[in-house]
Amino acid sequence: MNHRIAVAALIAALLSSSACGSGDGTEPGTTQEVHVQLHNSRFVPDHFEFAVGTTVKFVVENTDPIDHEFLIGDEAAQQAHEDGTEAHHGAKPGELSIPIGETRTTTYTFDEPGTLLIGCHLPTHYDYGMRGTIKITG
């Protein structure tokens with residue numbers, strides 16, 4: 001009988017933790033994994049919400065027949081990437097280059113409330129609409 005109770009408690013805990021992993025208003029100080037698909041030159045999903053202090057491991061899968069980027073930053077950072085010449089990303093938190101058919105990860109901690117943007121700055125991608133938003137609540 002105790003085994004059934006333990007299994008039920010474990011299942012309840014797993015269901016509870018997976019609900020927190022949705023990317024919508026997580027608790028401060030938590031870490032979660034979020035999956036993002038690059039499809040038809042769009043981020044899917046393209047909007048996220050996290051609490052200040054949340055650390056997120058983004059798992060980004062490129063299903064398109066072209067390369068893409070996944071770059072987190074404010075408006076100024078996005079403009080710097082749009083104007084910049086960095087050919088490849090991956091050494092800095094929140095910055096990835098994702099080749100055709102590949103999956104890459106980056107981990108980012110959201111330290112301040114506000115809004116950040118996600119963008120792909122390969123030629124014409126950002127202007128085409130390859131962007132998203134991240135709301136950080138505190």
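Along every chain, residues carry numbers that run from 1 in the direction the sequence is written. Only residues with pLDDT of at least 70 are given local features in this predicted model, and only at 80 or more are side-chain atom pairs given and counted; all residues enter the totals for whole chains, interfaces and linings. To get the side-chain values, take all heavy atoms of the structure and skip hydrogens and water.

S.K.: So what exactly am I meant to see when it comes to the packing of aromatic side chains here?
M.R.: To pair, rings of Phe, Tyr and Trp, with the six-membered ring standing in for Trp, must have centres within 6.5 Å; the planes then decide the type, stacked if under 30 degrees apart, edge-to-face if over 60, and tilted in the middle. With the rule as written, the count across this model stands at eight aromatic pairs. Ring geometry for F43 versus F70: centroids 5.7 Å apart, planes at 80°, classification edge-to-face. One end of the pair, F43, is in strand 2 (residues 42–44); the other, F70, is in strand 5 (residues 68–73), and 27 residues separate them in sequence. F70 matches F43 in its accessibility class, with the two residues each being buried. The interplanar angle of 10° and the centroid separation of 6.1 Å between the aromatic rings of F48 and F50 together place this pair among those described as stacked. For the pair shown, F48 and F50 are each scored as buried. Taken together, the ring pairs connect F43, F48, F50, F58, F70, Y108 and F110 into an aromatic cluster. Helical segments are the DSSP runs of H or I of at least four residues, strand segments are the runs of E of at least two, and each set is numbered from the N terminus. With a 1.4 Å probe rolled over the protein chains alone, any residue whose accessible area is under 20% of its type maximum counts as buried; one over 50% counts as exposed, and the rest are partly exposed.

S.K.: How should the environment of V36 be read in this particular structure?
M.R.: With respect to the helices, strands and loops of the structure, V36 is situated in strand 1 (residues 31–39). Here V36 falls in the buried class, since its relative accessible area comes to 2%. In this structure, the C-alpha to C-alpha distance between V36 and V60, residues 24 residues apart in sequence, is 4.8 Å. Ignoring sequence-local partners within four residues, the contact set of V36 consists of F43, V44, P45, F48, F58, V59, V60, E61 and F70. We call two residues in contact when some of their heavy atoms are within 4.5 Å.

S.K.: So what exactly am I meant to see when it comes to the environment of I134 here?
M.R.: Following the sequence through the fold, I134 ends up in strand 9 (residues 131–137). As for I134 and D46, which are separated by 88 residues in sequence, their C-alpha atoms are 8.4 Å apart. If we ignore the near neighbours within four places in the chain, the residues touching I134 are F48, F50, F58, I72, F110, G114, T115, L116 and I118.

S.K.: It is not clear to me how unusual backbone geometry should be interpreted in this structure. Could you clarify?
M.R.: Both trends apply: most residues other than glycine have a negative phi, and most peptide bonds are in trans. Of note, the amide linkage connecting V44 to P45 takes the cis form, showing an omega dihedral of 0°. Here P45 shows up in the loop between strand 2 and strand 3 (47–51). Look at N40: it is not a glycine, yet its phi comes out positive at around 55°. Following the sequence through the fold, N40 ends up in the loop between strand 1 and strand 2. Positive phi is not limited to glycine here, since T124 has a value of about 75°. As for its placement among the helices and strands, T124 is situated in the loop between strand 8 (114–119) and helix 3 (125–128). Here T124 falls in the exposed class, since its relative accessible area comes to 58%.

S.K.: Just to check I follow, could you spell out the nonpolar core for this structure?
M.R.: What tends to happen in soluble globular proteins is that the nonpolar side chains get buried as a cluster. Counting 21 residues, the largest nonpolar core has V36, F58, F70, F110 and I134 as the members making the most contacts within it. Breaking this core down by element, the ones donating at least two residues are strand 1, strand 3, strand 4 (55–62), strand 5, strand 6 (95–98), strand 8 and strand 9. Residue types Ala, Val, Leu, Ile, Met, Phe, Trp, Tyr and Cys, when buried and joined through side-chain atoms within 4.5 Å, form a set referred to as a nonpolar core.

S.K.: What's the story with the sheet that holds strand 8 in this structure? I'm lost.
M.R.: In any sheet, the strands associate via hydrogen bonds between backbone groups, in a parallel or an antiparallel arrangement. With mixed pairing, the five strands of this open sheet are ordered in space as 3-9-8-5-6. Only two strands of the sheet have a single neighbouring strand rather than two, namely strand 3 and strand 6. In this sheet, adjacent strand axes meet at a mean angle of 15° when their direction is disregarded. Of the pairings in the sheet, the one linking strand 5 to strand 6 comprises four bridges and is antiparallel in character. Residue pairing in the sheet places E69 in a bridge with S97 of strand 6. Following DSSP output, two strands are said to pair if at least two bridges run between them. To define axes, lines are fitted to C-alpha atoms, for helices over the stretch in contact only, and angles between the resulting N-to-C directions are given on a 0 to 180 degree scale.

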